[in-house]
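Descriptive analysis of the structure
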Amino acid sequence: MKQGEIVLGALAPHPPHLVYAENPPQNEPKAECGWEVLRWGYERLRKSLAQRKVDVLIVHSPHWRTMTGTHFLGVEHFKGLSVDPVFPNLFRFHYDLKVDVELSRQIFTEAQGLGLEVQMMTNPDFRIDYGTIISCHLSRPEWDIPIVAISSHGLARYFNMEVMQAVMLKLGQATKVAVEKSGKRAALLASNSLSHRHFVVEPEVPEDMSFEHIQNHSQYLWDMKVLDLMKRGQTQELLEIMPDFTEQAVAETDGGSLTWLLSALDFPTYPAEVHAYGSVIGTGNAIVEWNPHNRQVEWNPHNRQVEWRAQGGAQ
Amino acid sequence: MINKAYLLPGMPHPLLCPEKSSAYQKLRQAYERVGAEIQDSQAELVLIYSTFWPSVIGHQIFARPETTWTHVDEEFHALGSIPYTFQMDEEFGELYKQQCLARNLHARTVNYAGFPLDTGTVVALKLINPDNRLKAVVTSSNVYADRAETLVLGKAAGDALEHSGKKAVALVISALSNRLHQGRVTPEEDRIHSLKDEEWNRKFLEFLEEGRLEDVAQLSRQFHREARVHKVNNFKPFWWLSGLMGQSNRFQGEVFEYQSVYGTGAAVVGLEPAAVAARDLEFDEADPDVYAGERNVLAVEAGMEPEPEPEAQNV
């Protein structure tokens with residue numbers, strides 16, 4: 001059997017506002033517009049994903065928060081209604097999805113072998129969390145690729161960021177090894193925002209963009225620092241400052257999704273592609289792609305401009 | 001008016017597997033005692049504040065007249081599914097919202113099919129009000145709210161009761177210490193996670209048994225530091241309850257049961273208004289009647305005085 005590989009990794013945040021603004025038939029509420037820059041970023045990610053011929057999406061979601069280890073979906077098919085408990089006015093989504101249970105079990109087994117506390121979720125009545133649904137929908141709205149959904153082990157709150165990261169490093173490696181053994185082409189989605197301090201009030205028209213901006217400047221500075229490290233391929237440094245970033249920007253990286261992703265990608269030293277950055281009800285969100293086939297590419301701030309000129313762009 | 005108030009734990013074990021340990025069985029019996037008391041009381045409404053339901057956009061009030069779902073806990077999904085049909089007091093929910101708005105809180109009612117009621121609320125209503133003889137209203141716990149906001153939220157609930165003329169029982173659904181075991185624990189091995197958690201739980205229960213509700217409310221910050229996993233910014237349920245019940249120690253308390261459920265402190269406690277205060281202490285914390293919002297303490301430039309607080313803040 002051919003060795004499987006991770007063909008794409010992405011930071012794929014899950015604000016329900018983005019699904020709401022896109023008006024897919026599965027979602028009950030309807031919007032006029034909103035958060036276009038982020039949605040255009042997701043469009044670019046979709047194109048990239050479509051080119052990679054992916055067999056499975058593996059998503060790690062902060063909104064399936066478990067305290068007793070990491071859990072994996074272990075039922076082949078789920079169909080139901082997901083209503084966001086925080087933004088029920090925006091997200092009431094009828095989902096119908098398939099799970100790659102075989103790969104779920106493989107990651108479970110690899111993680112168990114590394115000493116992690118793990119569980120398979122086999123209750124067919126289980127409701128899929130909205131983080132998983134939103135990241136998957138925005139990355140692949142056709143819903144024609146099976147998923148593996150991984151819960152977020154709440155270690156950052158129970159202990160601290162360092163303990164959480166130590167476990168996510170192992171989980172990332174377990175994911176990578178399982179994918180390689182599976183022979184499948186996998187895309188990994190880390191379903192988290194960057195800075196995560198919300199506004200606590202909402203405009204009467206939720207998609208009124210005149211109200212939308214980052215919650216505070218310090219969050220913005222932190223988000224830019226993190227994105228700069230991603231673009232430079234300095235993900236080991238990003239790992240090291242993750243605890244400070246998480247605390248000072250109230251970042252959603254406390255769920256471990258980003259650490260898991262970077263570990264599974266072997267801490268890329270090649271540049272990430274930032275498809276978009278924008279705020280959603282004050283939180284900082286970026287759609288960022290890592291293409292492991294870019295391993296030999298080095299960061300150069302002029303690279304994109306040179307490529308653009310070579311394609312006939314304005315001088 | 002409030003006939004009686006109760007603290008109830010929200011873990012699913014007493015509902016789904018009471019037979020697995022004597023501790024779960026005792027908690028189940030305590031729930032049933034509370035249920036019998038409520039059914040025998042003159043109450044017309046069950047008014048709930050659940051720490052298991054976090055909100056971000058102000059305060060959400062679940063008031064769908066009838067809601068039917070099959071609930072599965074995201075952590076303890078292996079224990080089984082919980083089908084339910086509950087009836088809510090839509091009219092009271094709307095009145096509660098209006099009273100929140102009158103006190104400058106951001107609030108809204110929630111009335112959507114399939115809205116994910118939290119495990120704590122589902123377990124409590126299944127055990128104490130299985131026939132829906134009383135209608136309920138459920139309030140979320142805002143993750144960013146602190147004492148002033150939560151106290152005002154409790155007062156708004158009292159306003160709504162006064163305007164409605166209804167008699168109610170109040171429930172706060174919360175663990176005391178909330179640290180779960182991280183690994184597999186059999187029901188026979190279940191115990192409070194640490195001696196420190198146990199000691200703080202006992203201290204809280206001692207106060208509650210003496211009817212010292214306001215003392216417990218004033219101890220909430222300390223309790224949060226000592227015995228709670230810091231998933232939200234503070235331990236709030238007793239601020240809400242004390243705000244609703246007049247911020248005093250004039251209660252008679254009864255601890256129906258106290259056990260561990262997967263490491264957490266699970267207590268069933270009743271509080272009944274009494275003629276004499278258990279303790280009559282002086283309290284020096286502010287007693288806000290309206291919510292004045294967040295104060296910006298970082299952006300005040302030298303020589304510039306901060307905006308004065310509204311008059312009512314200093315009542």
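Residues numbered from 1 in each chain as written. Chains lettered and ligands numbered in written order. Predicted model: local features only at pLDDT ≥ 70, side-chain atom pairs only at ≥ 80, totals over all residues. Heavy atoms only, no water.

On to the interface of chain B and chain A, then. Counting residues at the interface gives 36 residues for chain B and 39 residues for chain A. The junction of chain B with chain A conceals about 3,300 Å² of combined surface from both sides, 52% of it contributed by carbon and sulfur atoms. Our count for the contact surface shared by chain B and chain A stands at 2 salt bridges. In this structure, B:Arg108 engages A:Glu202 in a salt bridge whose closest nitrogen and oxygen atoms are separated by 2.8 Å. Run the count over chain B and chain A and you get 22 residue pairs in polar contact (both at pLDDT 80 or more). (Contact = heavy atoms within 4.5 Å. Buried area = accessible area lost by both parts, 1.4 Å probe. Salt bridge = Lys/Arg side-chain N within 4 Å of Asp/Glu carboxyl O. Polar contact = N/O pair within 3.5 Å; in protein donor to acceptor, adjacent residues only side chain to side chain.)

With that settled, the discussion passes to the side chain of A:Arg46. All names here are of chain A. The residue Arg46 is located in helix H2 (residues 36-51) in this model. Only 2.7 Å separates the side chain of Arg46 from the backbone oxygen of Leu138, close enough to count as a polar contact. Not counting the four nearest positions on each side in its chain, Arg46 is found in contact with Glu22, His137, Leu138, Ser139 and Pro141. (Helix = DSSP H or I, 4+ residues; strand = E, 2+ residues; numbered from the N terminus.)

A separate point is the side chain of B:His224. Residue and element names in this part refer to chain B. Looking at the secondary structure, you find His224 in helix H8 (residues 220-227). Residue classification places His224 among the buried positions, given a relative accessible area of 5%. A distance of 3.4 Å separates a polar atom in the side chain of His224 from the backbone nitrogen of Phe235. (Buried < 20%, exposed > 50% of the residue type's maximum accessible area, 1.4 Å probe, protein only.)

All names here are of chain A. Packing of helix H3 (residues 101-113) against helix H6 (residues 161-182) brings their axes to within 8 Å, and their N-to-C directions diverge by 130°. One way to sum up the angle between H3 and H6 is to call them oblique. At the point where H3 passes H6, the crossing takes the right-handed sense. Between H3 and H6, the residues in contact are Leu103, Gln106, Ile107, Glu110 and Ala111 and Leu171, Ala174, Thr175, Val177, Ala178, Val179, Lys181 and Ser182, respectively. Of the residues contributing to the contact of H3 with H6, the split by class is 8 nonpolar, 3 polar and 2 charged. (Axes fitted to C-alpha atoms, helices over the stretch in contact; angles between N-to-C directions. Parallel < 35°, antiparallel > 145°, perpendicular 65-115°, else oblique. Left-handed = near helix turned anticlockwise from the far one by under 90°. Nonpolar A, V, L, I, M, F, W, Y, C, P; charged D, E, K, R; others polar.)

This part covers the environment of B:Leu95. Residue and element names in this part refer to chain B. Counting through the fold element by element, Leu95 comes out in helix H3 (residues 90-102). Linking Leu95 and Asn234, residues 139 residues apart in sequence, is a C-alpha distance of 27 Å. Among all residues touching Leu95, those that are not within four sequence positions of it are Ala160, His163 and Ser164.

It is worth spelling out the pattern of salt bridges at this point. Residues and elements named next belong to chain B. One pass over the structure, following the stated rule, counts 34 salt bridges over all chains. We note a salt bridge from Arg147 to Glu285, for which the minimum N-O separation is 3.8 Å. Taken as a pair, Arg147 in helix H5 (residues 147-164) and Glu285 in the segment after strand E10 (264-273) lie far apart in primary sequence, 138 residues in all. Its relative accessible area of 6% is what places Arg147 among the buried residues.

Time to look at the confidence of the model for chain B. Scored by pLDDT, chain B comes out at a mean of 91, with 94% of its residues at no less than 70. Low pLDDT, under 50, characterises residues 309-315 of chain B; the predicted model gives this stretch 11 contacts beyond four residues in sequence or across chains. (pLDDT = per-residue confidence, 0-100.)

Residues and elements named next belong to chain A. Structurally, the position occupied by Asp96 is in strand E5 (residues 92-98). Using a relative accessible area of 40% as the deciding quantity, one classes Asp96 as partly exposed. Taking the C-alpha atoms as reference points, Asp96 and Asn160, separated by 64 residues in sequence, lie 36 Å from one another. Non-local contacts of Asp96, meaning those with residues more than four positions away in its chain, are made with His77, Phe78, Lys79 and Trp143. Within the local environment of Asp96, its side chain forms a polar contact with the side chain of His77, the two groups lying 2.5 Å apart.

What follows is about the packing of aromatic side chains. Overall, the coordinates contain 19 aromatic pairs over all chains when judged by the stated rule. Taken together through their ring pairs, the aromatic side chains of B:Trp200, B:Phe204, B:Phe223, B:Phe235 and B:Phe238 make up a single cluster. If you follow A:Arg197 out to its NZ or CZ, it ends over the ring of B:Tyr144, 3.9 Å from the centre. We note B:Arg212 situated over the ring of B:Phe207; from NZ or CZ to the ring centre the distance is 4.0 Å. (Phe/Tyr/Trp six-rings, centres within 6.5 Å; stacked < 30°, edge-to-face > 60°. Lys NZ or Arg CZ within 6 Å of the ring centre and 35° of its normal.)

Take the packing of H3(B) against H5(B) next. For any two helices packed against each other, the geometry is given by the interaxial angle and the distance between the axes. All names here are of chain B. At a minimum axis distance of 8 Å, the contact between H3 and H5 shows a crossing angle of 130°. Classified by the interaxial angle, the pair formed by H3 and H5 is oblique. In this structure, H3 crosses over H5, and the sense of that crossing is right-handed. Facing H3, whose interface residues are Phe92, Leu95, Tyr96, Gln99 and Cys100, H5 presents Leu153, Ala156, Ala157, Asp159, Ala160, Leu161, His163 and Ser164. Tallied by class, residues from the contact of H3 with H5 come to 9 nonpolar, 3 polar and 1 charged.

As a further point, take the pairing of strand E7 (residues 147-153) of chain A. Residue and element names in this part refer to chain A. Here E7 lies mainly inside the structure; 7 of its 7 residues are buried. As paired elements, strand E2 (residues 56-66) and E7 share 6 bridges and run parallel to each other. Note that in E7 the partner of Thr66 across the bridge is His153. (Pairing = 2+ DSSP bridges.)

With that out of the way, let us pick up the sheet that holds strand E6 (residues 107-110) of chain B. All names here are of chain B. An order of E6-E3-E7-E2-E8-E1-E10-E9 is seen for the 8 strands of this open sheet, with the pairing classed as mixed. The sheet terminates laterally at E6 and strand E9 (251-261), the two strands that pair on one side only. Averaged over all pairs of adjacent strands, the angle between strand axes in this sheet comes to 20°, irrespective of strand direction. On the sheet, helix H6 (residues 195-209) packs against strand E1 (2-8), E9 and E10 and is oriented at approximately 155° with respect to E9.

This part covers unusual backbone geometry. Residues and elements named next belong to chain A. For Trp35, which is not glycine, the phi torsion reads 55° and is therefore positive. Within the chain, Phe267 stands out as a residue other than glycine whose phi angle is a positive 50°. For Phe267, the position within the fold is in the loop between helix H9 (257-264) and strand E9 (273-280).

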